[in-house]
Amino acid sequence: MSNDREALKARACAVIDEHAESIIAVGETILRQPETGFQEHKTAQLVADTLNDIGLQARTGLAITGVKAKVENDAAGPTLALLGELDSLAIHDHPHADTTTGAAHACGHNAQIAGMLGAARGLVQSGVLSSLGGNLAFMAVPAEELIQVEYRLGLRDRGEIEFLTGKAEMIRLGHFDDVDMAMMCHTKNGTKASNVANSSNGAVIKKIRFIGRAAHAGSQPQKGINALNAANLAMTAIALQRETFYDDDTIRVHPIITKGGDAVSAVPSEVTMETFVRGRTIEGIVDANRKVDRALRGAAMAIGAEVEIETTPGYLPQNNDPRMSALWGENVGTIYGEDQFYVEEHRTGSTDMGDLGHIMPVTHPYIWGATGVGHGNDYLLESKVDVYINMAKLLAMTAIDLLADGAAEAKGILETTRPKLSVAEYLEFNRQLNASERFDGAVAE
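Everything numeric here is computed off the predicted structure, so don't read it as measured data.

Novice: Break down the pairing of strand E3 (residues 79-85) for me, with residues and values.
Specialist: Counting buried residues in E3 gives seven out of seven residues, a clear majority hidden from the surface. Residues Thr79, Ala81, Leu83 and Glu85 line one face of E3 and the alternating positions Leu80, Leu82 and Gly84 line the opposite face, and both faces are buried. As paired strands, E3 and strand E6 (residues 135-141) are joined by seven bridges and run parallel to one another. The residue bridging Gly84 from the neighbouring strand is Ala140, located in E6. Two elements, E3 and strand E7 (residues 181-183), share three bridges in a ladder whose sense is parallel. Residue Leu82 lies in a different strand from E7, and its bridge partner there is Met183.

Novice: Can you explain the packing of aromatic side chains? Please cite residues and give values.
Specialist: Applying the stated criterion across every chain yields a total of one aromatic pair. Between Tyr336 and Trp368 the ring centres are 5.7 Å apart and the planes differ by 85°, which places this aromatic pair in the edge-to-face class. Remark: Trp368 occurs in strand E17 (residues 366-368) and Tyr336 occurs in helix H9 (residues 322-336); sequence separation between them is 32 residues. Look at Trp368 and you get partly exposed, because its relative accessible area is 22%. We note Arg347 situated over the ring of Tyr366; from NZ or CZ to the ring centre the distance is 4.4 Å.

Novice: Let's hear about the pairing of strand E1 (residues 59-62): which residues, and what values?
Specialist: Direction of pairing for E1 relative to strand E2 (residues 66-71): antiparallel, over a ladder of two bridges. Along E2, the bridge assignment pairs Leu62 with Gly66. Between E1 and E2, which follow one another and run antiparallel, lie three residues, and Ala63 among them has a positive phi close to 50°.

Novice: I'd like to hear about the layout of surface pockets, residue by residue, with values.
Specialist: Taken as a whole, the largest pocket spans an internal volume of roughly 720 Å³. Cys107, Arg347, Gly349, Ser350 and His375 are the residues nearest the centre of the largest pocket, which is lined by 31 residues in total. Mapped by element, the contributors of at least two residues to the lining of the largest pocket are strand E8 (186-188), strand E9 (194-211), strand E12 (270-279) and strand E15 (341-350). With four residues, the top contributor of residues to the lining of the largest pocket is E15. Residue composition of the lining of the largest pocket, by class: ten nonpolar, 16 polar and five charged. Its boundaries defined by the atoms lining it, the second largest pocket holds a volume of some 180 Å³.

Novice: How would you sum up helix H5 (residues 149-157)? Please name residues and give values.
Specialist: When we look at burial in H5, the residues that qualify are Val149, Arg152, Leu153, Gly154, Leu155 and Arg156. Turning to H5, the residues buried within the fold contact E9 and strand E13 (306-315). Note on H5: the residue one or two positions beyond its end, Gly159, has a positive phi of about 80°.

Novice: Break down unusual backbone geometry for me, citing the residues and quoting the values.
Specialist: In this model, Ala63 sits at a positive phi of 50°, which is unusual for a non-glycine residue. Relative to the assigned elements, Ala63 resides in the loop between E1 and E2. The phi dihedral of Ala143 falls on the positive side, at around 55°, and the residue is not glycine. Within the secondary structure, Ala143 sits in the loop between E6 and H5.

Novice: Residue-level account of the state of the cysteines, with values.
Specialist: Any covalent bond linking the sulfur atoms of two cysteines counts as a disulfide. Summed over the entire model, instances satisfying the criterion amount to zero disulfides. Left unpaired, Cys13 is separated from the closest cysteine sulfur, that of Cys185, by 14 Å. By relative accessible area, Cys13 is classed as buried at 12%. You can see Cys107 has no disulfide; the closest cysteine sulfur is in Cys185, sitting 12 Å from it. Residue class for Cys107 comes out buried when judged on its relative accessible area of 12%.

Definitions and limits used
Residues numbered from 1 in each chain as written. Predicted model: local features only at pLDDT ≥ 70, side-chain atom pairs only at ≥ 80, totals over all residues. Heavy atoms only, no water. Buried < 20%, exposed > 50% of the residue type's maximum accessible area, 1.4 Å probe, protein only. Helix = DSSP H or I, 4+ residues; strand = E, 2+ residues; numbered from the N terminus. Pairing = 2+ DSSP bridges. Phe/Tyr/Trp six-rings, centres within 6.5 Å; stacked < 30°, edge-to-face > 60°. Lys NZ or Arg CZ within 6 Å of the ring centre and 35° of its normal. 1 Å grid on protein atoms, 1.4 Å probe; cavity = no way out; pocket = protein on both sides within 12 Å on 5 of 7 lines; lining within 4 Å. Points joined across faces, edges and corners; volume = space filled by probe spheres on them. Nonpolar A, V, L, I, M, F, W, Y, C, P; charged D, E, K, R; others polar. Contact = heavy atoms within 4.5 Å. Disulfide = S-S within 2.5 Å.

As structure tokens, this is what we get:
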């Protein structure tokens, strides 16, 4: 690593240290005003105000609540985006949950935003930009957590969105058209400071409605068609498909019943379910989704019920660029020690960073400082220095690595990396996944 590059990092980190108190305050403010996807208006305003205070010009209202500020440093060079996610989960019994909405930051997105803004301050106010090739974009993205599906489907029905996650919407709307590569960081608990997974699962969302016929459950159940029986049979059929999935595809199907009937005394005439179909590859997801649909139709036919199946794209599988990840790891070594970074092969969770990773090189590492279980009511960010300040430093340091020396590292990655999909191909694939079907099991006899 060149001495010049290390000097640039030292300057950026010094500014981050100088503003440590305000960076932490941003993260803690967001913690105490959690907002769920496509509703993050207060958080977005805080991001815009902070970017403007840094000296940047923030664009707002992107994909409803997204925010973006770009530094045009070298028009001929590549553009690197540093990202943070605006939204929270809904965990009603979390200690920092909103008492009205139940929203809570049980995944650390408040730290992502603070870290991204801290990195922006360090890179801009240190004066290092004039020594970098390429450009920087600082982006706060809505709706990464795939929750409150009914609400988002309502937005879609009203034409306010097309896709249900923030990065997919921002890709659709062209807000990543001027970005060549992207990076963000997540918080975690653990015994080592940082890690990255080479890949993680993607997912599609399924909403299912079994329709039967009501009847008195005690005196005349034979006159009914039990939609709950159809749903239970469907879940059994899905479970019995597991041996048909390839191990390498890491398929996960985990349905829940969201409505099981109206009264104990009545044969259930309407039962609703939701599930994700997760997998490591697009091909694996498509295959598993087909088998789930077959199980749903088969259950409807066995009971004589109808079934409505609505399939919506959620996340594409995630693949991190190994060279970007390696640069992050070297900087982790500088702050924490060489043994404090590791690479794992695969994670079975999902993120819409996978969507972005299909059209450009990305990396999505993790940093320690949290306690409790992710997405749980005990998930807390205990080490403020790690999750806010060191995250900001690592983002800034890795950005410098990518864009220093005329953006040699970034250009090398872009010259040898072929995106899995063009933007047009990405949009076409997602739109093909959208499907609605109504199948009458009685008619199919």
